[in-house]
Amino acid sequence: MTATLIQSPDRVILRNISWQTYRSLVNDFEQEPAIRLTYDLGTLEIRMPLDPHETFKKLLGRLIEAATEELGLEIRSLGSRTCDREDLAKGLEPDQCYYIRHEAEVRGVAQIDLANYPPPDLAVEIDITSSSLNRLAIYSALSVPEIWRFDGECLTICALQGKRYILSPASLALPPLIASDIERFLQLQPTTGENSLIRQFRQWIASQTP
């Protein structure tokens, strides 16, 4: 095993890591929600997200959850649960992930094995500081159909088409929502209290739906 330090305050890269070691670290860090592990064919990235990352992770998650409530949709929220498959030798922890379309299929399943169940319908990536690994390629291998990416200024919706992601103006899992509208509410964060922002968002969704 060799380790390479990346010149960043929030990450370290380890190479030649076995799947068993990766899974052991996942279990060891289970009680450390601030640590994110990304694994791709023997390369492991360990990230320690900073406050801006965590702020927008939580806010975007609250917007998604509020939207599902206003739209009358069932949801299973799994936060940063580890999404991995040993047969692919790939794994990562989204900033947030949700079952929406496939919620009924995983309802009541205590521990979801992605080799036997569909992946989450929607994952959130806060890219204020980008990963050193190609996380979209890992999501694609896991067949996650939709990724919301926010870089601190712009929100993009990535929809899986075949083996790659394309930009989509609207959400697949939450069809009334388009990227520009979600981005508009995220940009209120520096000047608006979080609960006030969520209330405004709920009122806006109510005004958009019959």
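Note that this is a predicted model, so its numbers are computed, not measured.

Reading guide: rules and limits
Residues numbered from 1 in each chain as written. Predicted model: local features only at pLDDT ≥ 70, side-chain atom pairs only at ≥ 80, totals over all residues. Heavy atoms only, no water. Salt bridge = Lys/Arg side-chain N within 4 Å of Asp/Glu carboxyl O. Helix = DSSP H or I, 4+ residues; strand = E, 2+ residues; numbered from the N terminus. Core = buried A, V, L, I, M, F, W, Y, C linked by side-chain atoms within 4.5 Å. Buried < 20%, exposed > 50% of the residue type's maximum accessible area, 1.4 Å probe, protein only. Contact = heavy atoms within 4.5 Å. Pairing = 2+ DSSP bridges. Axes fitted to C-alpha atoms, helices over the stretch in contact; angles between N-to-C directions.

Caption draft 1: Region of the structure containing the pattern of salt bridges. Within this structure, the stated rule accounts for 14 salt bridges. In this structure, the salt-bridge partner of arginine 23 is aspartate 84, at a minimum N-O distance of 2.5 Å. In this pair, arginine 23 is assigned in helix 1 (residues 19-28) and aspartate 84 in strand 6 (residues 83-85), connecting sequence segments 61 residues apart. What emerges from the salt-bridge pattern is a single network uniting Arg36, Glu54, Lys57 and Asp95.

Caption draft 2: Quick peek at the nonpolar core. Core analysis: the biggest nonpolar cluster contains 28 residues, and Leu60, Trp148, Leu155, Leu177, Ile182, Leu186 and Phe201 have the highest contact counts within it. If you list the elements that add at least two residues to this core, you get helix 2 (51-70), strand 9 (122-126), strand 10 (146-150), strand 11 (155-161), helix 5 (179-186) and helix 6 (194-208). Top element by residues in this core is helix 2. It accounts for seven residues. Each residue touching leucine 177, except ones within four places of it in the same chain, is listed here: Ala67, Trp148, Ala170, Ser171, Ile182, Phe201, Trp204 and Ile205. Cys83, Ile112, Tyr139 and Val144 belong to the second largest nonpolar core, which has 16 residues in total.

Caption draft 3: Expanded view of the sheet that holds strand 9. Strand order in the open sheet formed by six strands is 5-8-9-10-11-12, with mixed pairing between adjacent strands. Two strands bound the open sheet, and with one partner strand each, they are strand 5 (76-77) and strand 12 (164-168). In this structure, strand 10 lies alongside strand 11, joined through five bridges in antiparallel fashion. By the bridge assignment for strand 11, glutamate 146 is matched with alanine 159. Running over the sheet, helix 5 touches strand 10 and strand 11 and is turned about 145° from strand 11.

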